[in-house]
Structures are given as structure tokens and as C-alpha cells.
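# Results of the structural survey
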Amino acid sequence: MHTGKQLSTKIDASVPTAARMYDHYLGGKDNYAADRAACEELDKVVPSTRALALNNRRFLQRVVRTLAAEYGIRQFLDHGSGLPTQDNVHQVAQRVDPGSHVVYVDNDPMVLVHGRALLEQDERTTVIHADLRETDAIVGHPDTQRLIDFSQPVAVLFNSVFHCIPDSGTDGPPAVVRRVAERLAPGSFMVMCQLVSEDAEVRRFVTDFMEQATEGHWGRVREEKDVAAWFEGMEILEPGLVEVSTWRPDSEVAPRQLTQEWIEFGGVGRLR
């Protein structure tokens, strides 16, 4: 089995991470001063970021509930899952069917520590420490093999995470999507969204800022056309690829993304 890259298990509080910044925006407490300072600087140029993070989290919850309740999905593989918060994937899925299985994947050691503490009593859910680009290592991991039956449909989640990895012919988002899709049974789903902007200045600023703040652990803000290309060959569920607060909102009064300097853009594709 391919064992993947050697990841550090040391938590460095002085360098911001996307997972801890996201936690701060969601109102969590598993973050450090460096993460909060990075968020404050980011807000000066893209002030809608907190609302964007909240809307993205709600999108994830709606997607999981929809796939479990309407499409009968009972297996979820969540790449770049981030720190545990309220209404995590396993909680949403297991409200529909307590037998649902969930594997969380993240390269942040803090996620591993907190996730394992949260899931200690849940044999149907686990968190593994891996780079989301290491498909062989993730699929071949003993916990993944124990919980996920790849001969049956699986929902694979890449929720607000591909902007954290750079473009690369072998490890960029399109290559990762292809590798994962090859391992999935027909009827499986891929949920993908990321930060996009049609404003070149915003793309350049945020990409440069996050690259420097996270000491190179970043990819880039992309365009809608980049995200659309990842879904090639899949059947895209209604309402298509959209700004995520408009994906099957719970009600007409649900929060919307009010500013457009950057948005979370994506949707859900079904493999034929």
C-alpha cells in the first residue's frame, strides 16, 4: 500500500492554518492568536468571509442531509474536514440513518486530536491523518477499509478545501478528482466547492496573503470555470453549480451571500 507523505503531528500555534481560521470564523475555540490575526487582516479586503464560512457550513449540512435522506447514501468520505463543530457530517447523516459510516480526512494534527476525542465512542466514524492528495493512502487506510465499501455508492466531500492545494499535473484538484472517481461505484456522489472570484485583484491578493500567512500551505482562489471543469462527465444535481448559499436553501428566508468579492462556488455531481 502506498503510505503517502510523512505528515507532522506537531501543532505549531505560530503559523495560521486554514482549518483553525475556519474554526474561528464559525465561532469555535480551537484556534490561536495567529489564526485570529490572519482572519482580521483578511477581513480588511474581503469582509464577507465570516458570512461565507457560515454559509459554506450550512451548505455542507444540507448536502449531507439531502444525499442521506433523498438518495440513500450511507457512506461519506470527507476530505479536508476541518475541526469538529456543531452538526458535523456524521451527526447529520446519522440522524437520517444511525448506521451511516463517515471517514474524516485532514492533514492538520489538531483536527486529529480533537476529532478522535469526539469520535471515541462512535465505531461508525473515524478521522485519519492524511494529505487529501494521497488517494491511495486514504482509500487503503485500515479505518477506511473497515468503514467504507467501495463496491457501493459513496459520497465523497471536497468541501471548501481545493483552494488549499496548488495546481499540479499530478496533485492538483483535477488529478485528485480523477483518482478518487476511478475508485467509486456508479451512483456515487462528489461534492465539491471552493473559493472563487471573477475579480483578478481579489484572486491575487487573497492567494498571496494566504500563501504567506500559512507559509506555503495554500493553493489559490480560482474562477467558476475551473470548478466546473472538475465535474466533467458527471450528472450535476439541481440547481447546478452555484454560489453555495443558493443550493437548495431550507427556506426563502435562509441567509444569502450578500457580497460578491469572493464566493464559495460548487455543487454535487453523480457518477454514472
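Residues numbered from 1 in each chain as written. Predicted model: local features only at pLDDT ≥ 70, side-chain atom pairs only at ≥ 80, totals over all residues. Heavy atoms only, no water.

So, about the environment of Leu112. As for its position among the elements, Leu112 is in helix 5 (residues 109–118). Once the C-alpha coordinates of Leu112 and Trp262 are considered, the two residues, 150 residues apart in sequence, prove to be 29 Å apart. Ignoring any residue separated from it by four or fewer positions in sequence, one finds Leu112 in contact with Val127, Ile128 and His129. (Helix = DSSP H or I, 4+ residues; strand = E, 2+ residues; numbered from the N terminus. Contact = heavy atoms within 4.5 Å.)

Inspection of every chain in the model, using the stated rule, returns 17 salt bridges. Its salt-bridge partner being Asp131, residue Arg133 comes within 2.8 Å of it at the nearest N-O pair. Classification of Asp131 by relative accessible area gives buried; the value is 6%. Residues Arg204 and Glu201 are paired through a salt bridge, measuring 2.3 Å at the closest nitrogen-oxygen approach. Here the residue Arg204 and the residue Glu201 both occupy positions in helix 9 (residues 200–213), the gap between them amounting to 3 residues, near one helical turn. With relative accessibility at 44%, the residue Arg204 sits in the partly exposed group. Members of the salt-bridge network, linked through shared partners, are Asp167, Arg220, Arg222 and Asp226. (Salt bridge = Lys/Arg side-chain N within 4 Å of Asp/Glu carboxyl O. Buried < 20%, exposed > 50% of the residue type's maximum accessible area, 1.4 Å probe, protein only.)

Attention now goes to the side chain of Glu243. Take Glu243: it is sitting in strand 7 (residues 242–243). At a separation of 2.6 Å, a polar atom in the side chain of Glu243 contacts the side chain of Ser245. (Polar contact = N/O pair within 3.5 Å; in protein donor to acceptor, adjacent residues only side chain to side chain.)

At their nearest, the axes of helix 3 (residues 49–71) and helix 4 (residues 89–96) sit 9 Å apart, and the two run at 30 degrees to each other. When the axes of helix 3 and helix 4 are compared, the pair comes out roughly parallel. The handedness of the crossing between helix 3 and helix 4 is right-handed. Residues Leu60, Gln61, Val64, Arg65, Ala68 and Ala69 of helix 3 form the contact with helix 4, whose participating residues are Val89, Val92, Ala93 and Val96. Its residues assigned to classes, the contact of helix 3 with helix 4 shows 8 nonpolar, 1 polar and 1 charged. (Axes fitted to C-alpha atoms, helices over the stretch in contact; angles between N-to-C directions. Parallel < 35°, antiparallel > 145°, perpendicular 65-115°, else oblique. Left-handed = near helix turned anticlockwise from the far one by under 90°. Nonpolar A, V, L, I, M, F, W, Y, C, P; charged D, E, K, R; others polar.)

Quick look at the side chain of Thr125 now. Within the fold, Thr125 resides in strand 3 (residues 125–129). Here the side chain of Thr125 touches Gln94 through a polar contact of 3.2 Å, side chain to side chain.

Now for helix 3. For helix 3, which comprises 23 residues, the first-to-last C-alpha distance of 31 Å matches the rise-based estimate of 33 Å (1.5 Å per residue) to within 8%. In the stretch just after helix 3, Gly72 is the one whose phi turns positive, near 70 degrees. (Expected span 1.5 Å × (residues − 1).)

Attention now goes to the confidence of the model for the protein. Averaged over every residue, the pLDDT of the protein is 88; residues scoring 70 or more account for 93%. For the protein, helix 5 is the element with the lowest average pLDDT, namely 77, and strand 6 (residues 235–236) is the one with the highest, namely 98. Across residues 1–5 the pLDDT falls below 50, and counting only partners more than four positions away or on other chains, this stretch makes 12 contacts in the model. (pLDDT = per-residue confidence, 0-100.)

The next point concerns the layout of surface pockets. Put simply, the largest pocket is a space of about 1,100 Å³. Taken together, 50 residues line the largest pocket, and the ones lying closest to its centre are Thr17, Ala18, Ala19, Asn107 and His217. Counting residues per element, the ones that place at least two in the lining of the largest pocket are helix 1 (18–25), helix 3 and strand 2 (101–106). When grouped by side-chain class, the residues that make up the lining of the largest pocket number 25 nonpolar, 14 polar and 11 charged. (1 Å grid on protein atoms, 1.4 Å probe; cavity = no way out; pocket = protein on both sides within 12 Å on 5 of 7 lines; lining within 4 Å. Points joined across faces, edges and corners; volume = space filled by probe spheres on them.)

As a further point, take empty space enclosed by the protein. Inspection of the entire model under this criterion finds 3 cavities of 30 Å³ or more. Approximately 110 Å³ is the volume attributed to the largest cavity. Contributing to the lining of the largest cavity are 15 residues, with Ser81, Gly82, Pro84, Asn88 and Tyr104 lying nearest its centre. Of all the secondary-structure elements, those providing two or more residues to the lining of the largest cavity are helix 3 and helix 5. Among the elements that make up the lining of the largest cavity, the one with the highest residue count is helix 5 (3 residues). Of the residues that constitute the lining of the largest cavity, the class distribution is 9 nonpolar, 4 polar and 2 charged. Put simply, the second largest cavity is a space of about 50 Å³. Contributing to the lining of the second largest cavity are Leu77, His79, Thr135, Ile138, Val139, Phe150, Val180, Arg183 and Leu184.

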